[in-house]
Amino acid sequence: MGYIKNIPHESILRLAEQVSIQPGQVVSKTLAQNKAVSLTIFAFDKDEEISTHASHGDAMVTVLEGTGKFTVDGKEYILEEGETLVMPAGKPHAVYGQEAFKMLLTVIFPLEG
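Just so you know, the residues in each chain are numbered from 1, in the order the chain's sequence is written. Reporting of local features is limited, given that this is a predicted model, to residues whose pLDDT is at least 70; pairs of side-chain atoms are given and counted only at 80 or more, and all residues count toward the totals for whole chains, interfaces and linings. Side-chain measures were taken over the full set of non-hydrogen atoms in the model, leaving aside hydrogen atoms and water.

### Let's talk about the pattern of salt bridges
- Salt bridge, as used here, is a side-chain nitrogen of Lys or Arg placed within 4 Å of a carboxyl oxygen of Asp or Glu. Across all of its chains, the model carries 3 salt bridges by this definition.
- Residue K46 is joined to D47 by a salt bridge in which the shortest nitrogen-to-oxygen separation is 3.9 Å.
- We call a residue buried when its accessible area falls under 20% of the maximum for its residue type, exposed when it is over 50%, and partly exposed in between, using a 1.4 Å probe and counting protein chains only. Overall, K46 belongs to the partly exposed group, its relative accessible area being 46%.
- With its nearest N and O atoms 3.7 Å apart, the salt bridge here joins E65 to K102. Here K102 lies in strand β9 (residues 101–108) and E65 lies in strand β4 (residues 58–65), a separation of 37 residues in the sequence. Here a helix means four or more residues in a row that DSSP labels H or I, a strand means two or more in a row labelled E, and each is numbered from the N terminus.

Listed below in structure tokens is the structure:
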């Protein structure tokens, strides 16, 4: 059994093609999730958002297609295809689709103990 799910193993693929933009929605597909890491791809329709929240892990986003707006602790960042931003643990952040876009989210959680 593999630790990465929902995509084929030992196959070349484009992550952006693994999720589809749906009208009026934020679509997600979880690729891996455990106590240490979460790996998810997202597709945002234009004007869709994930409202302000915080995570107890560092969150790294990489835009796969289009342009997204990320707000971290009140500061706005506009990311285009191929760009990456780290949103530090504990800082409030939000994601907004300035246009339809897709992203990869990697969250690294602290090890307990």
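### Describing the sheet that holds strand β8 (residues 93–96)
- Taking strand neighbours across the sheet as the criterion, the 4 strands line up as β3-β8-β5-β6 in an open arrangement whose pairing is antiparallel. Single-partner strands in this sheet number two, and they are β3 (49–53) and β6 (75–80). Pairs of neighbouring strands in the sheet enclose a mean axial angle of 15°, with direction left out of account.
- With 4 bridges joining them, strand β5 (residues 67–72) and β8 adopt antiparallel strand pairing. Bridging across to β8, V72 finds its partner in H93. Two strands pair if DSSP finds at least two bridges between them. Whenever a helix is involved, its axis is fitted only over the stretch in contact; in every case the axis is a line through C-alpha atoms, and angles between N-to-C directions fall within 0 to 180 degrees.

### A few points about the nonpolar core
- We define the nonpolar core as a collection of buried residues of types Ala, Val, Leu, Ile, Met, Phe, Trp, Tyr and Cys that are connected through side-chain atoms lying within 4.5 Å of one another. Residues V61, F70, L85, M87, F101, M103 and L105 are the most contacted members of the largest nonpolar core, which totals 16 residues.
- Contributions of two or more residues to this core are made by β2 (37–44), β4, β5, β7 (84–87) and β9.
- For this core, the element with the highest residue contribution is β9, accounting for 4 residues.
- Residues are treated as being in contact if the distance between any of their heavy atoms lies within 4.5 Å. When sequence neighbours within four positions are dropped, the list of residues in contact with F70 reads V61, V63, K75, E76, Y77, L79, L85, M87, A94, V95, F101 and M103.
- Among the nonpolar cores identified, the runner-up in size contains 10 residues, and V19, A32, L39 and L104 belong to it.

### A word on the pairing of strand β1 (residues 26–33)
- Taken together, the 7 bridges between β1 and β2 define a ladder with antiparallel strand orientation. By the bridge assignment for β2, V27 is matched with A43.
- Adjacent in sequence and paired antiparallel, β1 and β2 are bridged by 3 residues.

### Re the packing of aromatic side chains
- We call Phe, Tyr and Trp rings a pair once their centres come within 6.5 Å, taking the six-membered ring for Trp, and we label the pair stacked below 30 degrees between planes, edge-to-face above 60, and tilted otherwise. Under the definition given, this model contains 3 aromatic pairs.
- Between F44 and F101 the ring centres are 4.8 Å apart and the planes differ by 15°, which places this aromatic pair in the stacked class. With F44 in strand β2 and F101 in strand β9, this pair connects stretches of sequence that are 57 residues apart.
- Between F70 and F101, the ring centres sit 6.0 Å apart and the planes meet at 80°, which makes this aromatic pair edge-to-face. Placement of F70 in strand β5 and of F101 in strand β9 is noted, with a sequence separation of 31 residues between them.
- The class of F101 is buried, set by a relative accessible area of 0%.
- Ring pairing ties together the aromatic residues F42, F44, F70 and F101, which thus form one cluster.

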